[in-house]
Structures are given as structure tokens and as C-alpha cells.
Amino acid sequence: MFTIDALSRTPVYEQIQKQLEKFILSGIMKPGEQLPSVRSMSIELSINPNTILKAYSDLDKRGVIKAVPGKGYFVCENAFDILHNSANHKFDELRGIIHSMAMAGVTKSELYRLIDDAFEDIGQSTNTEGDTEK
């Protein structure tokens, strides 16, 4: 289920967090579902349990997952909404990036192509009105 890129510049705990977020947003992991145990993930991925614990703890602090003593970690009921709202807050950052790219000579058509590619990567296409459809 999880994969770690040992050559990536992204820390392992962030790779785990991003994959969990993706699983929740895509519906692979549902509210109330139990996450793999720290021990089992540590063995499966051959990484230090403290690394997994850091990923889980950060997500727990954000309210995406919750620790149940003696039972493990579970996806919170409102995890999708938390992650969706977090993504919406990134619009200002994205606007700044697009502005910088435009100033550097990147064209609208190149940006549209990049957006189309990103949506195709997650199995969605864009229509002419900018809405997405599955």
C-alpha cells in the first residue's frame, strides 16, 4: 500500500503523510478505518518505527487521524474536509507561483497543459468550463 522513495529529497515521514492524505482524499481510506500499525509498517517498509510515529503524530495533531490508546490510529470522520480545506488554502501560494512562472515567460497554454496532466494523473479530465468530471 505504501511506498517509500529512498532517493527522494522529501523526508520519509512526509512521504508517508502525503500518501495517507492521498488515500483519504481519493476514498481508498474511509472515515473510521484503522491505519496500519506502526510496527507492521516499520517491518513492511524497513524503516524506523519513530519515523512512522512522527508521520502519524503530525496527522493526529492536524485532526486527520486519531490515536485510540491500545487500539491504534484511525481516520477521523472529518478527515476529508480537513484535507480539502487545507488544499483550498494553497490557492494564494499557487497564484504566486503562477505569477512567477508567467513573469519567466511560461505561457497560459503550457500551464493549462500542466493542469490537464495533473488531473489525468488522478483519473479526472477537465471540460471546457473548467469543471472536473470523473
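Check the entry above for the structure.
This section reports on the structure supplied with the text. (Residues numbered from 1 in each chain as written. Predicted model: local features only at pLDDT ≥ 70, side-chain atom pairs only at ≥ 80, totals over all residues. Heavy atoms only, no water.)

1. A look at the overall build of the protein
Here's step 1: Within the protein, the secondary structure is distributed over 6 helices and 4 strands.
Here's step 2: Seen in sequence order, the protein has helices and strands lined up from the N terminus as α-α-α-β-β-α-α-α-β-β.
Here's step 3: Dimensions of the protein along its principal axes, counting C-alpha atoms only, are 55 × 30 × 25 Å.
Here's step 4: The buried share among the 134 residues of the protein stands at 22%.
Here's step 5: Intrachain contacts of the protein at a sequence separation of at least 6 include 44% that bridge at least 24 residues.
Here's step 6: Computed over 15 positive and 19 negative side-chain charges, the inter-centroid distance for the protein is 7 Å. (Helix = DSSP H or I, 4+ residues; strand = E, 2+ residues; numbered from the N terminus. Buried < 20%, exposed > 50% of the residue type's maximum accessible area, 1.4 Å probe, protein only. Contact = heavy atoms within 4.5 Å. Lys, Arg positive; Asp, Glu negative; His and termini not counted. Charge placed at Lys NZ, Arg CZ, Asp CG, Glu CD.)

2. A look at the packing of aromatic side chains
Here's step 1: Considering all chains together, one arrives at 2 aromatic pairs under this definition.
Here's step 2: With centroids separated by 5.2 Å and ring planes inclined at 70°, the aromatic side chains of Phe 2 and Phe 23 adopt a geometry described as edge-to-face. Of this pair, Phe 2 sits in the segment before helix H1 (12-25) while Phe 23 sits in helix H1, and the two are 21 residues apart along the sequence.
Here's step 3: Each ring, one from Tyr 56 and one from Tyr 73, has its centre 4.9 Å from the other, and the planes form 65°; the classification is edge-to-face. With Tyr 56 in helix H3 (residues 49-61) and Tyr 73 in strand S2 (residues 72-75), this residue pair connects regions lying 17 residues apart in the sequence. With respect to burial, Tyr 56 and Tyr 73 carry one shared label: buried.
Here's step 4: Stacked on the ring of Tyr 13, the Lys or Arg Lys 54 has its end atom at 4.5 Å from the ring centre. (Phe/Tyr/Trp six-rings, centres within 6.5 Å; stacked < 30°, edge-to-face > 60°. Lys NZ or Arg CZ within 6 Å of the ring centre and 35° of its normal.)

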